[in-house]
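Read off the chains here:
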Amino acid sequence: MKIILADPEDEGEVYAEAIVVVSQSPPDRWMGSLLDTGAGCASPADANVRRKLSIPDTATALVITWP
């Protein structure tokens with residue numbers, strides 16, 4: 001799992017605005033668990049994210065965000 005960090009506006013804490021889940025397993029095996037955390041959106045990682053994180057073309061990569 002890779003975490004995309006963002007600077008918060010209060011108290012100087014670092015938090016994850018989104019995570020990228022990379023797996024060789026199909027997303028239906030673990031997507032329910034992520035949605036149980038309150039995730040608001042799961043979308044395929046675009047080519048730019050895949051390139052930055054060196055994600056192989058054969059891997060499933062989803063960007064998960066929370067509302």
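Residues numbered from 1 in each chain as written. Predicted model: local features only at pLDDT ≥ 70, side-chain atom pairs only at ≥ 80, totals over all residues. Heavy atoms only, no water.

Quick word on the overall build of the chain
- On a plain count of helices and strands, the chain comes out with two helices and four strands.
- For the chain, the N- to C-terminal ordering of α and β elements is β-β-α-β-α-β.
- Counting across all 67 residues of the chain, residues that qualify as buried make up 28%.
- The contacts in the chain between residues at least 6 apart in sequence include a share of 52% that link residues at least 24 apart.
- When the accessible area of the chain is evaluated, it comes to approximately 4,800 Å², of which 52% is carbon and sulfur surface. (Helix = DSSP H or I, 4+ residues; strand = E, 2+ residues; numbered from the N terminus. Buried < 20%, exposed > 50% of the residue type's maximum accessible area, 1.4 Å probe, protein only. Contact = heavy atoms within 4.5 Å. Areas by Shrake-Rupley, 256 points an atom, 1.4 Å probe, with all protein chains shown as cover.)

Examining the side chain of Arg50
- Its place among the elements puts Arg50 in helix α2 (residues 47-52).
- In this structure, Arg50 is buried with no salt-bridge partner, the nearest side chain bearing the opposite charge being Asp57 at 4.5 Å.
- Within the structure, the side chain of Arg50 is placed 2.8 Å from the backbone oxygen of Ala59, a separation counted as a polar contact.
- Beyond its immediate sequence surroundings of up to four residues, Arg50 is in contact with Ala45, Ile55, Pro56, Asp57, Ala59 and Ala61. (Lys, Arg positive; Asp, Glu negative; His and termini not counted. Salt bridge = Lys/Arg side-chain N within 4 Å of Asp/Glu carboxyl O. Polar contact = N/O pair within 3.5 Å; in protein donor to acceptor, adjacent residues only side chain to side chain.)

Brief notes about the environment of Ala42
- By secondary structure assignment, the location of Ala42 is in strand β3 (residues 41-44).
- Owing to a relative accessible area of 34%, Ala42 belongs among the partly exposed residues under this scheme.
- Sequence separation between Ala42 and Trp66 is 24 residues; the distance between their C-alpha atoms is 9.1 Å.

Description of the side chain of Ser23
- With respect to the element layout, Ser23 can be found in strand β2 (residues 15-23).
- A distance of 2.8 Å separates a polar side-chain atom of Ser23 from the backbone nitrogen of Ser25.
- Other than its neighbours up to four places away in sequence, Ser23 contacts Trp30, Ala59 and Thr60.

Describing the confidence of the model for the chain
- Confidence in the prediction of the chain, expressed as mean pLDDT, is 78, and 76% of residues score 70 or more.
- Per-residue pLDDT, averaged within each element of the chain, yields its smallest value for strand β1 (residues 2-6) (53) and its largest for α2 (93). (pLDDT = per-residue confidence, 0-100.)

What about the environment of Ile55?
- Relative to the assigned elements, Ile55 resides in the loop between α2 and β4 (60-65).
- In this structure Ile55 comes out as buried when scored by relative accessible area, which is 8%.
- As for Ile55 and Ala45, which are separated by ten residues in sequence, their C-alpha atoms are 9.5 Å apart.
- Excluding residues that lie within four positions of it along the chain, Ile55 makes contacts with Val20, Val22, Val49, Arg50 and Ala61.

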